[in-house]
Amino acid sequence: MTFSAPFVYWGCFASTKQYCVEVSTRSLLRALGTNARELEGWSCCGHPLKGVNPKLWLYLASRNLSLAGEGKLLTVCNGCYLSLKEAQHLIRSNDEAASWVQRVLSMEGLEYREPEVLHAVEFFNNELKGREVARPLKDLRLGAHYGCHSIRGSFKGFDKATNPGMIEDILVMLGAEAVREYPGRLDCCGATLMAVDPDIGFALASGKITQSREAGLDGLVTPCPYCFEMLDSRQDTLAELKGTPSIPVLLLQQAIGLALAIDRRGLGLNFNMSPVGQILKDRE
Amino acid sequence: MVSIGVYVCDCGTNIAGVLDCKSLATYASGLKDVRIARNYKYMCSEAGQELIERDIQRNGIDRVVVAACSPSMHEHTFRVLLERAGLNPYLLEVVNIREQCSWVHSSKPADATEKAKGLIAMGVARARFLEPLHPLETPVTKSALIIGAGIAGITAALNLANTGYEVYLVDKEGSIGGRMTQLDKTFPTLDCSLCILTPLMAEVAANERIKLLTCSEVGSVEGVAGGFDVAIKVRPRYVDLRKCIGCGVCSRICPVEAPNGFDEGLSARKAIYLNFPQAVPRVPVIDPSICLHFKDSSCDLCSGKCPTKAIDFDQKEEEVGARVGVVIVATGFNLYQDLYEYGLTRSRNVITGMQLERLASPSGPTGGRIIRRSDGSEPKTIAIALCAGSRDENHLQYCCVVGCMAGLKHAWYVKSHDPEARVYVLYNDLRAAGKGYEEFYARLREMGVIFVRGKPDHVDVLKDETLGIRIYDQTLNENLEIRADLLVLETGLIPSDGSEKIRKTLKISKGGDGFLLELHPKLHPVDTYSEGIYLAGAAHGPKDIPSAVAQALAASGRAVEKVLSKESVTTEPIIAEVDMGKCSGCMICLPLCPFKALKVVEEVGRRRVSVEEVKCRGCGICAASCPSAAIDLRHYRERQIAETVRGTMA
Amino acid sequence: MFKTGFERPEKCFQCGRCTSSCTISKILVDYRPNRIVGLVRHGFSEGVLDKIVWNCARCMKCVEYCPQKVAPADLISNLQYRAASRGSAFPEAYVEMMKNLSETSLAFRQVDVTDRDFEVCNRMSMGLPPLTARVKAKFFEIISKISKGEI
């Protein structure tokens, strides 16, 4: 039932700012009894820099892949997941890219390897199967925000892009009522635009939150730290700038942790800026 | 001692433009047993053929090697020539120095010429060991099996029956008629579909030469063109065909319901049901999977009420055996429905084109009213999305051929009933290529249908199941947001379930798109790679009704031309043969034959294997499997192949 | 034009679905992926699109929904690269990230975050292991060489 111990790839964003990701994931892995390993020598995955310099991206992505060898590499960020999966796919299908990668990696004393890249959603979906849930998330209508990169790309992902269901399956396992369809479910949170034109980013995040609210969801669950930043951390700003309504937003690991009775501090719930109190009530 | 004549063809510049044909002829003349070697511009021409003929008749040539284009082009031509000249046609060897040499090595003429020499040496080596063979004759049974009784099957059946042949017309449904029975009208004439189809169905029923087998499927087909042995399984419908008067009391009184496949899931039908009132035969069918009588013997309301006591729960499956001369496959199509991104299955107001046909049909679930299934109201804004699932690498790569016209027809259904309705046709291209089709397109434009060139985003389902369709309109250069009450999808078409089963039974090929494969895409659209088996209708590929009808007539025509008009059919003698002296009776070969052409015979108290010549298709599997080397393939004997290989070392 | 991803502009038959599904096109109406692919096919794209291509949200909807697997987002990434290589200005945030990368191997610097209880938190206060130097010097050498186009 359990995977053999994966390497956890934290990614830059979670490591330098979105601390609740690392905090909640570490607590969750401990609670599940999974021995996760640190990936020695890891660097940025290159995702945000692909447009600026694709070779840089390819080097960064492929070196992290080779550090993980033939093992499992668990990603906790959509951007990292896309970056690593795309690099794998490109190297498999493009001989020129493959030989360039071999050349550059050897300069660092590395050899290109192919670990199994896992997204947090598929990993935890598997870990939770057959497990008892100490504090089911009863009477909660929760919706999933998959983000973009967990489900869309030129490679075969872990779920169907036009109709993913794995997060909803997890929510059902946690005892919640999973709302499997709502307008804008698969829309983008706008995170990438914050680097280019924040107004657009805000407009997109606002749209997502508004649509979720109109669908009558009690809360949103997302696996990506960037989406979390847009949908949770910025709710005050959005309310001010655009009059966006509020809605409780949880990181996937936090939702799972809550159901497994992990404490508030252990889940980094002090970092959630959205009104999670509404759904936490006596669940903490 | 043989006298081989080698003829090297220039093929204009196709071969001579790359290879040094003169030197090839010179080379050939130096090979053992080659008496004459010539080089000519076009061997297949009359003059070229005359060269060969003269050599046979006057210069003692008794084996012919032609080095030219692929045998698939002219092997037949030269075989006929040999026969004319008085030589057995199987004493011919065609060496391919065009497709397999000059055409593929055009950048390396010197190397290519060396290769051609090797190929010719191999051909000559084989020619030394060729033997005369005589084609096999199968007497022709003057009847046909037609699988599938839609418009294509019906057309072929009537054509053959009226030409004087017996026809077995098989369909797995309870009634004939196929997909046309589900349509309301047909484009571009807007004829009522059943009105034009039912007279043909009645003709089929009345025609004495047509043996109609509904609720039936073909179990097995063995043999060759002229003499196919067919086993047809007739499922029990549990109603006596002779007694039933089609009054319908049974269906009315039956307490059990199931989704109605004929109405594409839009309504329910009973366990005993007739799909539509004009069914042929007009006799209902009982579905034993839901009928209470079969579940726990708890009900026989229908048999109690039937005025003619036609219900017979004890009916058994029957097997009908027949011998026919030809088989025509007309098994039709199914709809592609993996269209979640367009909202199918997410909202009841997203329907397929076929579902719209059922709504529009007077005998359909709403008596002809096009309504929203969510609340029964009449839609005011309707969007029709073409190419849903077609020309799409995420779904079906090919074009569905009829979607554009069907979409126009569906727009007509809505607009003609409610001119005030807002109808959008969302198209990628608009293909209106047939007769009268362009006119139909113009007519719809005149009716005020709004044509949007674009392809919609993931469709949203909004409050009260209104559909939110976001689409970039290229003609306006605007991002549109259409709020539609109803969305109709012109779905892709795929081969029917029956098609795949039949394909395996008959051992015919399918193309990359899954549809049954014709012999040649341009010149032989109804023949298959197996003689005596022909294709008609959508089983061959999506097509409109006039094309299906034309193809059915073509298939019948071919069936008559190639088989039914003859007293016997000749098949190539390239078949397996067992050397009884070597056969040990181990039977390893027996189950390997895909055509069941090997049979066990008793000879001098010992069991051995023998080949049923008519069934053998010369695939060579048995020959390869025999541990005693007792089986050989005529014209491709082990010795011949071995010598051909040795020829490379000449 | 060499490919940096899975883009296949040659397959495009201008159905416009990329634009229909484009996240940005709904806000910036002049941002149209189908037009960008069209311009590339016509050969008119160099320079003209240098500014607008940075607006791509990388939401990959165009990649997912394109019926011909053109992958417009990858083409746009490629155009971003060409613009940057030509010395065209690109968003400040990426300049910042490149700098961080060349100094720390990560795209961002560690920051202190004020949580909802108004406490100032960082890795240490949350009990997370420190981010010590993970990569060797060779890494930075390679980064530099790639940035300068030497590899």
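S.K.: I'd like a description of the overall build of chain A, backed by residues and values.
M.R.: A tally of helices and strands in chain A yields 12 helices and 8 strands. The C-alpha atoms of chain A give a radius of gyration of 19 Å, which matches the 19 Å a tight globule of 284 residues would have. Along the three orthogonal principal directions, the C-alpha set of chain A runs to about 55 × 45 × 30 Å. Within chain A, the fraction of its 284 residues that count as buried is 59%. Pairs at least 24 apart in sequence give 78% of the contacts found in chain A among residues at least 6 apart.

S.K.: Just give me the short version of the interface of chain C and chain A, but keep the residues and values in it.
M.R.: Contact with chain C, which involves 52 residues of that partner, is made by 48 residues of chain A. Looking at the side of chain C that touches chain A, the elements that each hand over two or more residues are α3 (61-65), α4 (72-85), α5 (92-104) and α6 (137-147) of chain C. Considering each element in turn, the side of chain C that touches chain A owes the most residues, 6 residues, to α6(C).

S.K.: Talk me through the sheet that holds strand β24 (residues 460-461) of chain B; I want residue IDs and the actual numbers.
M.R.: Residue and element names in this part refer to chain B. Spatial ordering of the open sheet is given by β24-β25-β26, a layout of 3 strands whose pairing is antiparallel. Strand pairing shows two members of the sheet lacking a second neighbour, β24 and β26 (478-484), which therefore form its edges. Relative to β26, strand β25 (residues 467-473) is paired through 7 bridges, and the arrangement is antiparallel. What sits directly across from I469, in β26, is I482.

S.K.: I'd like to hear about the interface of chain B and chain A, residue by residue, with values.
M.R.: Think of interface size as the accessible area that goes away when the parts come together; that is how it is often given. Of the residues lining the interface, 8 residues belong to chain B; the matching set on chain A comes to 5 residues. Here the residues of the side of chain B that touches chain A are counted per class, giving 3 nonpolar, 2 polar and 3 charged.

S.K.: How would you sum up α6(C)? Please name residues and give values.
M.R.: Buried within α6(C) are the following residues: F139(C), I142(C) and I143(C). Relative to the axis of α6(C), the buried residues are bounded by an arc of 105 degrees and lie together on one face. Residues of α6(C) that are exposed and angled more than 90 degrees away from the buried face: A137(C), K138(C), E141(C) and S144(C). Looking at the buried residues of α6(C), the elements they touch are α3 (54-67) and α5 (95-107) of chain A together with α5 of chain C.

S.K.: Which residues make up the domain arrangement of chain A, and what values go with them?
M.R.: Residue and element names in this part refer to chain A. We note that the domain assignment places domain 1 (7-120) and domain 2 (132-283) within chain A. Each of domain 1 and domain 2 was reduced to a C-alpha centroid, and the two centroids are 24 Å apart. Between domain 1 and domain 2, the contact holds 22 residues from the first and 27 residues from the second. A per-element tally of the side of domain 1 that touches domain 2 places helix α2 (residues 19-31) first, with 9 residues. Looking at side-chain class alone, the side of domain 1 that touches domain 2 contains 12 nonpolar, 8 polar and 2 charged residues.

S.K.: Residues and numbers for the sheet that holds strand β29 (residues 533-535) of chain B, please.
M.R.: All names here are of chain B. Strand order in the open sheet formed by 5 strands is β10-β7-β6-β18-β29, with parallel pairing between adjacent strands. Two strands bound the open sheet, and with one partner strand each, they are β10 (210-213) and β29. Taking the axes of each pair of neighbouring strands and ignoring which way they run, one obtains an average angle of 20 degrees across the sheet. Across 3 bridges, strand β18 (residues 326-329) lies against β29 in parallel orientation. Along β29, the bridge assignment pairs I328 with Y534.

S.K.: Quick rundown of unusual backbone geometry? Include the residues and the values.
M.R.: In this structure, P188(B) follows F187(B) across a cis peptide bond, with omega equal to -10 degrees. Positive phi, close to 55 degrees, is recorded for C387(B), a residue that is not glycine. Residue position: C387(B) is located in strand β21 (residues 381-388). According to the C-beta neighbour criterion, C387(B) is buried, with 27 such atoms within 10 Å. Of note, K69(C) is a non-glycine position whose phi angle comes to about 50 degrees, a positive value.

Here is what the cut-offs are and how they apply
- Residues numbered from 1 in each chain as written.
- Chains lettered and ligands numbered in written order.
- Predicted model: local features only at pLDDT ≥ 70, side-chain atom pairs only at ≥ 80, totals over all residues.
- Helix = DSSP H or I, 4+ residues; strand = E, 2+ residues; numbered from the N terminus.
- Rg over C-alpha atoms; globule rule 2.2 N^0.38 Å.
- Buried ≥ 20, exposed ≤ 12 C-beta atoms within 10 Å, placed from the backbone.
- Contact = placed C-beta atoms within 7 Å.
- Pairing = 2+ DSSP bridges.
- Nonpolar A, V, L, I, M, F, W, Y, C, P; charged D, E, K, R; others polar.
- Arc of directions from axis to C-beta.
- Domains from an automatic or database assignment.
- Axes fitted to C-alpha atoms, helices over the stretch in contact; angles between N-to-C directions.

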